[in-house]
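Chain by chain, the residues run as shown.
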Amino acid sequence: AHLAAQLRRGAKAIACVAQFSGSITTELIAQAGFEVIVVDHENGPGNFGVAADLVRSALGAGAHAVFRLPSADVTQIRRAIEAGAEGLILPRVASVAEAEQFVELVRVARLRAAREEDAVEWRQEMAEEDREADGEDAEKEEAEGKRPLSS
């Protein structure tokens, strides 16, 4: 189940903050029973690629991945979502307005990511349909003797 649904039901989750760069360590933490791994990109790995690997290794080990961002930068928000983070943490929020702005940035980034996923899926479906149609056309041409039999 998604982490948000689990928390809405009132269930608790045991979490561990990861401030290191080894994906094997992330997997071991998940296997030790931690349900949530907070990938601390603010204080932990400064390289986004390493942080994204930690998110993927947490997910692969069956844990929920939450990403702690260094700032409310839209590019970092989007990259964290694309890496698979189920949640985002923004430290040092000073006002309600700042929190609301962050929530809106996350909402827009999630919508864009979903649209892009839909577009990729649609392109893949169209390519598959084109391949199937090409195969059917070739079979028809072979049957009508317009095309030499394929070897």
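Provided above is the structure to which this section pertains.
Values in this document were obtained by computation on a predicted structure and should not be read as measured data. (Residues numbered from 1 in each chain as written. Predicted model: local features only at pLDDT ≥ 70, side-chain atom pairs only at ≥ 80, totals over all residues. Heavy atoms only, no water.)

Draft legend 1. Structural view of the sheet that holds strand β1 (residues 15-18). Sheet architecture is open: 4 strands sit in the order β1-β2-β3-β4, paired in parallel fashion. At either end of the open sheet lies a strand with only one pairing partner, and these are β1 and β4 (87-89). Here the strands of the sheet are splayed against their neighbours by 25° on average, with no regard to which way each runs. Sheet topology places strand β3 (residues 64-68) next to β4; 3 bridges connect them, and they run parallel. In the strand pairing of β4, F67 is matched with L88. Against the sheet, helix α3 (residues 48-60) contacts β2 (36-40) and β3, and its axis sits at roughly 155° relative to β3. (Pairing = 2+ DSSP bridges. Helix = DSSP H or I, 4+ residues; strand = E, 2+ residues; numbered from the N terminus. Axes fitted to C-alpha atoms, helices over the stretch in contact; angles between N-to-C directions. Contact = heavy atoms within 4.5 Å.)

Draft legend 2. Summary view of a negative patch on the surface. Judged by side-chain charge, E117, D118, E121, E125, E129, D130, E132 and D134 come together as a negatively charged surface patch. Overall, the relative accessible area of 44% leaves E121 in the partly exposed class. (Patch = residues over 30% accessible without salt bridge, like charges linked within 9 Å, V, L, I, M, F, W, Y side chains within 5 Å. Areas by Shrake-Rupley, 256 points an atom, 1.4 Å probe, with all protein chains shown as cover. Salt bridge = Lys/Arg side-chain N within 4 Å of Asp/Glu carboxyl O. Lys, Arg positive; Asp, Glu negative; His and termini not counted. Charge placed at Lys NZ, Arg CZ, Asp CG, Glu CD. Buried < 20%, exposed > 50% of the residue type's maximum accessible area, 1.4 Å probe, protein only.)

Draft legend 3. Spotlight on the pairing of β2. Of all 5 residues making up β2, 5 are buried, and the element is well covered by its neighbours. What you see with β2 is no split at all: V36, V38 and D40 on one side and I37 and V39 on the other are buried throughout. Here 4 bridges tie β1 to β2, and the two strands are oriented parallel to one another. Pairing of A18 across the sheet is with V39, part of β2. Crossover handedness for the path β1 to helix α2 (residues 23-31) to β2: right-handed. As defined by bridge partners, β2 adjoins β3 across 5 bridges and the pair is classed as parallel. Bridged to V38 within β3 is V66. (Right-handed = clockwise from strand over helix to strand, strands pointing away.)

Geometry only, nothing functional implied.
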